[in-house]
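# Geometric and topological summary
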Amino acid sequence: MDNLHHIVVVGGGAGGLELVTSLGDKLGRKGKARITLLDAGLTHVWKPLLHEVASGSLDANANEINYRAHARKHHYEFQLGRMSGLDRSSKQLVVAPFLDEDGREVVPERRIQYDTLVIAVGSTANDFGTPGAQEHCLFLDSLKQARRFHNLMLNAFLRKNHEARQGQEHTLNISIIGAGATGVELAAELRLASRELPVYGMNHLKDSDVSITVIEAADRILPALPSRLSAAASRELENQHIKVLTGQPVSEVRNGAIVMKDGTELPSEMTIWAAGIKAPAFLAELGLEANKGNQLVVNQTLQTTQDDDIYAFGDCAACPQPGSDRPVPPRAQAAHQQADALFKTLCSRIKGGEAVPFVYNDHGSLINFSRYTTVGNLMGNLSGRSMYIEGKVARLFYVSLYRMHQVALHGFVRTGIIWLMDKISRAMHPRLKLH
């Protein structure tokens, strides 16, 4: 194994896990290369689903993938740890010490030798330095944060239900800062939760007692998407009695309140930050070219500009688009396409061949409003024009995105079995996770 070309992928998110799965099945299984995945967690959950985990409409335990078990099936190695540095001269990446929940060191700092390094560490929330955001906001960057949000939400509903029973003031104010896809979809999931929980015993708390507000600094929600899609999403939020505030930058977040730029103060007992993303800060300290958002700057082959043996893709990379002055957008479909292109490049690299240039194809956008409806636009391959869709058809396309991710990780047969198990689970368990 030591004589084999060693490909190390840092980050087991949507793109990183798809890449090591393909490389393991193609190169690892045949003994043509050694494939290693490094991640700070033990399990993978598709990040676009974290808002569903947070609201309780999705059970993460039934949808997460254990890296060690997956690695054994797909012929790659898994190492638990967080990348903290890079020694390019000796082609080694530095892994920070691994600590247990009590802060005790389990594994000391170590180094991993590589021949080819791929960085796919994703992104984190960008609070833009807003005072009080870190102290008083909840974030949905990881499965751990989503689970924490879920527990806090259940406790808040339980507390308000008790206050309602006692005849006290019991309005629960929930605010979501940022009306991108995550913020809008989370709002719909929270509205579903507010209507479902009374079915399971919290019957003193009414749906109207839960006030949900979405706050966006731009002049419309979903500002990065077509205006028709934004308008349809606004109508749906209004139909679900979710307040929408646009053109309202947040200047400060306080304990129990949000202060707007114009000085208006809004009560908020649960505040979620979903207003932007940035790459992890340590990327800017690796000695590679990075932009202001900490993204590693790469060329069209996804190679970093200062080291041909290091690649980056997904949210943590700024990749150029031919004919555009904007980089590839940080979206799940982009990471999926980049993983496919990079798989071809690395297979060619092992043989001494050329890299495959990456060209992003925008297939459209879909916004899911929980069990209520789905809206979106699909890009036509021939005309290049977008087609607006909604309802059951849009919902079918939305669900298929996750199934495509599962196919990339498990194959068609296993994904079919997983789909059947999901159907059975939904029939047997509550519609909302209650613990």
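Only a predicted model underlies this, so the values are computations on that prediction, with no experimental measurement involved. (Residues numbered from 1 in each chain as written. Predicted model: local features only at pLDDT ≥ 70, side-chain atom pairs only at ≥ 80, totals over all residues. Heavy atoms only, no water.)

### A closer look at the nonpolar core
We apply this condition: Working definition of a nonpolar core: buried Ala, Val, Leu, Ile, Met, Phe, Trp, Tyr and Cys residues. They are joined through side-chain atoms within 4.5 Å. Note on classification: 1.4 Å probe, protein chains only; a residue is buried when its accessible area is under 20% of the maximum for its type, exposed when over 50%, partly exposed between these limits. Helix and strand labels come from DSSP, where a helix needs a run of H or I of at least four residues and a strand needs a run of E of at least two; each type is numbered from the N terminus. Whether two residues are in contact is decided by their heavy atoms, any of which lying within 4.5 Å being enough.
Counting 55 residues, the largest nonpolar core has Leu19, Met83, Leu93, Leu117 and Ile119 as its most contacted members. Ranked by residues supplied to this core, first place goes to helix H9 (residues 332–350) with 7 residues. Ignoring anything within four residues of it in the chain, the contact list for Leu117 reads Val8, Val10, Met83, Leu86, Leu93, Asp309, Ile310 and Tyr311. Of all hydrophobic cores here, the second largest spans 49 residues; its members include Ala187, Ala188, Val214 and Ile221.

### Quick notes on the pattern of salt bridges
For side chains of opposite charge, pairing can occur when their charged atoms come near one another. What counts, and what does not: The rule for a salt bridge is simple: a side-chain nitrogen of Lys or Arg has to be within 4 Å of a carboxyl oxygen of Asp or Glu.
In this structure the tally under the stated criterion is 17 salt bridges. Linking Glu64 and Arg147 is a salt bridge whose minimum nitrogen-to-oxygen distance equals 3.4 Å. Here Glu64, found in the loop between helix H3 (60–63) and strand S4 (65–66), pairs with Arg147, found in helix H6 (residues 143–165); they are 83 residues apart in sequence, far enough to count as distant. Between Glu265 and Arg254 there is a salt bridge; the shortest N-O distance is 3.2 Å. Of this pair, Glu265 sits in strand S18 (residues 265–267) while Arg254 sits in strand S16 (residues 250–254), and the two are 11 residues apart along the sequence. The exposure class assigned to Arg254 is partly exposed, which follows from its relative accessible area of 36%.

### Let's talk about the packing of helix H1 (residues 14–28) against helix H4 (residues 67–74)
Heads up, the rule is: Every angle, taken between N-to-C directions, lies between 0 and 180 degrees, and every axis is a line fitted to C-alpha atoms, over only the stretch in contact when it is a helix. An angle below 35 degrees is read as roughly parallel, one above 145 as roughly antiparallel, one from 65 to 115 as roughly perpendicular, and any other as oblique. Polarity classes work like this: nonpolar for Ala, Val, Leu, Ile, Met, Phe, Trp, Tyr, Cys and Pro, charged for Asp, Glu, Lys and Arg, and polar for all others, with Gly in that last group.
Two numbers describe how H1 lies on H4: the axes approach to 9 Å, and their chain directions differ by 30°. Judged by the inter-axis angle, H1 sits roughly parallel to H4. Within the contact between the two elements, H1 uses Leu17, Thr21, Gly24 and Asp25 and H4 uses Tyr67, His70 and His74. Here the contact of H1 with H4 is built from residues that sort into 2 nonpolar, 4 polar and 1 charged.

### Quick word on the sheet that holds strand S25 (residues 364–369)
Convention followed: DSSP bridges decide pairing: two strands pair if at least two such bridges lie between them.
With antiparallel pairing, the 3 strands of this open sheet are ordered in space as S25-S26-S27. In this open sheet, the two strands that pair with only one neighbour each are S25 and strand S27 (386–390). For this sheet, the mean angle separating the axes of adjacent strands, direction not counted, is 10°. The strands touched by helix H10 (residues 392–428) within the sheet are S25, strand S26 (373–379) and S27, with S25 carrying the most contacts at an inclination of about 105°.

### Digging into the packing of aromatic side chains
Which entries qualify depends on this criterion: Planes of paired rings set the category: under 30 degrees apart is stacked, over 60 is edge-to-face and the rest tilted, where pairs are Phe, Tyr or Trp rings (Trp by its six-membered ring) whose centres lie within 6.5 Å.
Taken as a whole, this structure holds 2 aromatic pairs when the rule is applied. With centroids separated by 5.4 Å and ring planes inclined at 20°, the aromatic side chains of Trp46 and Tyr402 adopt a geometry described as stacked. One end of the pair, Trp46, is in the loop between strand S3 (43–44) and helix H2 (50–55); the other, Tyr402, is in helix H10, with 356 residues separating them in the sequence. In this structure Tyr402 comes out as buried when scored by relative accessible area, which is 12%.

### As for H6
In plain terms, the rule: Expected helix span is computed as 1.5 Å times (number of residues minus one).
Taking 1.5 Å per residue as the helical rise, H6 with its 23 residues ought to reach 33 Å, and the 33 Å between its terminal C-alpha atoms agrees with that figure. Listed in full, the buried residues belonging to H6 are Leu143, Ala146, Phe149, His150, Met153, Leu154, Ala156, Phe157, Lys160, Asn161, Glu163 and Ala164. Where H6 ends, the next residue or the one after it, Gly167, has phi of about 75°, a positive value.

### What about H4?
Condition: Working definition: the arc comes from the directions between the helix axis and the C-beta atoms, pointing outward to the latter. Polar contact is defined as a pair of N or O atoms within 3.5 Å, subject to the rule that within protein one atom must be able to donate a hydrogen and the other to accept it, and that residues adjacent in sequence are counted only when both atoms are side-chain atoms.
Every buried residue belonging to H4 is among Tyr67, His70, Ala71 and His74, and all of these are buried. Buried residues along H4 cover an arc of 105° about the axis, so they all sit on one side. Buried residues along H4 sit in contact with H1, strand S2 (34–39), S3, S4, strand S5 (77–80) and H10. Between the side-chain oxygen of the N-cap and the backbone nitrogen of Arg68 there are 3.0 Å, and the N-cap of H4 in question is Asn66. Backbone geometry just downstream of H4 places His75 in the positive-phi region, at approximately 65°.

### Here's the deal with the packing of H1 against H9
Condition: Helix crossings fall into two classes, left-handed where the near helix is turned counterclockwise from the far one by less than a right angle and right-handed where it is turned clockwise.
At a minimum axis separation of 9 Å, H1 and H9 run at an interaxial angle of 35°. Handedness of the crossing formed by H1 with H9: right-handed. Residues Gly15, Glu18, Leu19, Ser22, Leu23, Lys26 and Leu27 of H1 pack against Ala335, His336, Ala339, Leu342, Phe343, Leu346, Cys347 and Ile350 of H9. For the contact of H1 with H9, a count of residues per class yields 10 nonpolar, 3 polar and 2 charged.

### Here we look at the sheet that holds S5
Overall, mixed pairing links the 6 strands, which are arranged S5-S2-S1-S11-S23-S22 in an open sheet. Here the strands that pair on one side only, and so sit at the sheet edges, are S5 and strand S22 (303–304). Note that strand S11 (residues 116–119) and strand S23 (residues 307–312) share 3 bridges and pair parallel. Residue pairing for S23: Ile119 is matched across the bridge by Ala312. In this fold H1 packs onto strand S1 (6–10), S2 and S11, with an angle of close to 160° to the strand it touches most, S2. The strands that H4 touches are S2 and S5; relative to S5, the one it contacts most, it runs at about 160°.

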